[in-house]
Amino acid sequence: MKLGFVGAGRIGSTTAFTCIQHLDLDEVVLVDIVEDLAVGEAMDLSHAIVGLDKYAKIVGGSDYSLLKGCDLIVVSAGLARKPGMTRLDLAKKNAEIMRSVAKNIVKHASDSKILVVTNPLDVMTYVMWKETGKDRREVFGMGSLLDTVRLKERIIALGGKPRRIFMMGEHGDSMFCPKSLAEVEGEVDLDRAIEETRGVAMEVIKRKGATFYAPAVCIYRMVKAVLEDTKEEIPTSVVLQGEYGISDVALGVPAILGRDGVERIVEYDLTDEEKAMLMKSAEILKERLKELGY
Ligand code: NAI
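Residues numbered from 1 in each chain as written. Predicted model: local features only at pLDDT ≥ 70, side-chain atom pairs only at ≥ 80, totals over all residues. Heavy atoms only, no water.

- Identification of the protein as Malate dehydrogenase from Archaeoglobus profundus is taken from an unreviewed UniProt entry.
- Looking at the Sequence similarities (unreviewed entry) heading of the UniProt record, one finds this comment for the protein: "Belongs to the LDH/MDH superfamily."
- Regarding the protein, the UniProt comment filed under Catalytic activity (unreviewed entry) reads as follows: "(S)-malate + NAD(+) = oxaloacetate + NADH + H(+)". (UniProt positions renumbered as here; feature names shortened; annotations may be inferred.)

Now the structure itself:
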């Protein structure tokens, strides 16, 4: 199994580190516009994996041809918002990066599935899908799984036990939890937990500048589902074509992940209120795509 990364920054390197510890990989490749960073991370990871009494060939560089033969490529290349930069400026810049990454993946690793992480996540997932021209099952994004993990953490912190619960919609302000499907033990203020989940990433970023351990673990969970063909149900950003009455936009929905990527989108019966929240996410995301010319 060959796993690729485009973007060897905090997310790319931390995810690669998580994956080499927990998966049996033959080869790992890190590509970054900053060649030394990709090479240095690959060297450090090569030493780490031998320290684990395992072996995988781990290489880094700025040449996209390294990605040839990848089964799955995790894309976290991009910028974070800088002071003075608007949300739209960031989306434009990162969309430009997605277009260039898409072109290179199609050229060198056209059979690979693509897991997008770059923000704004759902918008970038759509751009990557559109620009690669690939089947929608092969281009998907990680966002709602992280929101789900953060929601579970909030529930536990408030004294409850999350049995079955997940987040849907935009990986952003309009995310929501379909409470009608939730199973939580204990008396917990679920609305409070959901509200805290919406703001918690910013609380981390305010203090340490970025989030990467929790995202890395969530990306690893999705990588594992695909490479090991586990058919696990995971909230995944994927382009909808009629599911939940929505089309031509990517957003977080429960999906079965396996060898072929998104093997099935799971359509639950949502309440009217939940359907309206999903629709609202879709409208917001379509508006953002329009701003970018899609
Ligand atoms: P980072 O700045 O540490 O790493 C980004 C890397 O992308 C840098 O090494 C940079 O050199 C590289 N890069 C930039 N342009 C490139 C190009 N054209 N080709 C190849 N590489 C290029 O940032 P970090 O913390 O790793 O975050 C990466 C992205 O992931 C950001 O957009 C961030 O907002 C997003 N993110 C998404 C999450 C999610 O849940 N979907 C969670 C956390 C972060």
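### Digging into the nonpolar core
Then comes step 1: Judged by nonpolar contacts, the single largest core of 85 residues is most densely connected at Ile58, Leu67, Val75, Leu115, Met128 and Val223.
Then comes step 2: With eight residues, the single largest contributor to this core is helix H7 (residues 213-227).
Then comes step 3: Taken domain by domain, this core gets at least three of its residues from each of domain 1 (2-141) and domain 2 (143-291).
Then comes step 4: Val75 has contacts with Val6, Met98, Val101, Ile105, Ile114, Leu115, Val116, Val117, Thr118 and Met128, leaving out every residue within four places of it along the chain. (Core = buried A, V, L, I, M, F, W, Y, C linked by side-chain atoms within 4.5 Å. Buried < 20%, exposed > 50% of the residue type's maximum accessible area, 1.4 Å probe, protein only. Helix = DSSP H or I, 4+ residues; strand = E, 2+ residues; numbered from the N terminus. Domains from an automatic or database assignment. Contact = heavy atoms within 4.5 Å.)

### Describing the confidence of the model for the protein
Then comes step 1: Summarising the model, the protein shows a mean pLDDT of 96, and 100% of its residues fall at 70 or more.
Then comes step 2: Two summary scores accompany this predicted model of the complex, namely pTM at 0.98 and ipTM at 0.99. (pLDDT = per-residue confidence, 0-100.)

### A look at the UniProt feature "domain: Lactate/malate dehydrogenase C-terminal" (unreviewed entry) in the protein
Then comes step 1: As recorded in UniProt, the sites labelled "domain: Lactate/malate dehydrogenase C-terminal" (unreviewed entry) are residues 146-291.
Then comes step 2: Between the end C-alpha atoms of residues 146-291 there is a gap of 26 Å, over a span that is 45% helix and 23% strand.

### A closer look at the site of the ligand
Then comes step 1: Close to the ligand lie 23 residues, the nearest being Arg10, Ile11, Asp32, Val117 and Met142.
Then comes step 2: In this structure, an oxygen atom belonging to the ligand sits 3.0 Å away from a side-chain N or O atom of Asn119.
Then comes step 3: At 2.8 Å from a nitrogen atom of the ligand is found a main-chain nitrogen or oxygen belonging to Met142.
Then comes step 4: Contact with the protein chains hides 86% of the accessible area of the ligand, taken as 860 Å² for the molecule alone.
Then comes step 5: Breaking the shell around the ligand down by element, the ones donating at least two residues are helix H1 (10-22) and helix H3 (87-108).
Then comes step 6: Taken together, the residues of the shell around the ligand sort by class into 13 nonpolar, eight polar and two charged. (Near = heavy atom within 4 Å. Polar contact = N/O pair within 3.5 Å; in protein donor to acceptor, adjacent residues only side chain to side chain. Areas by Shrake-Rupley, 256 points an atom, 1.4 Å probe, with all protein chains shown as cover. Nonpolar A, V, L, I, M, F, W, Y, C, P; charged D, E, K, R; others polar.)

### Quick notes on helix H5 (residues 144-157)
Given 3.6 residues per helical turn, the α-helix brings residues three or four places apart onto the same face.
Then comes step 1: An ideal rise of 1.5 Å per residue puts 20 Å on 14 residues; H5 measures up with 20 Å between its terminal C-alpha atoms.
Then comes step 2: On the buried face of H5, the contacting elements are strand S7 (161-164), strand S8 (183-185), helix H6 (190-208), H7, strand S9 (232-241) and strand S10 (247-258).
Then comes step 3: Once H5 finishes, Gly159 follows within two positions and takes phi at roughly 100°, a positive value. (Expected span 1.5 Å × (residues − 1).)

### Digging into the environment of Ser281
Then comes step 1: Along the polypeptide, Ser281 turns up in helix H8 (residues 272-291).
Then comes step 2: Sequence-wise, Ser281 and Leu251 are 30 residues apart; in three dimensions their C-alpha atoms are separated by 7.7 Å.
Then comes step 3: Here Ser281 is in contact with Gly169, Glu170, Ser174, Met175 and Leu251, once residues within four sequence places are set aside.
Then comes step 4: Only 2.9 Å separates the side chain of Ser281 from the backbone nitrogen of Glu170, close enough to count as a polar contact.

### Here's the deal with the domain arrangement of the protein
Then comes step 1: Partitioning the protein into domains gives domain 1 (2-141) and domain 2 (143-291).
Then comes step 2: Just the C-alpha atoms count here: the centres of domain 1 and domain 2 sit 21 Å apart.
Then comes step 3: The partner domain 2 presents 40 residues to the 31 residues of domain 1 that form the contact.
Then comes step 4: For domain 1, the biggest contributors to the area lost against domain 2 are Asp122, Tyr126 and Arg136; these three give 22% of the whole.
Then comes step 5: Where domain 1 touches domain 2, the interface holds two salt bridges.
Then comes step 6: One salt bridge connects Arg136 with Glu243, and the closest N-O pair in it is separated by 2.8 Å.
Then comes step 7: Connecting domain 1 to domain 2 are nine residue pairs in polar contact (both at pLDDT 80 or more). (Buried area = accessible area lost by both parts, 1.4 Å probe. Salt bridge = Lys/Arg side-chain N within 4 Å of Asp/Glu carboxyl O.)

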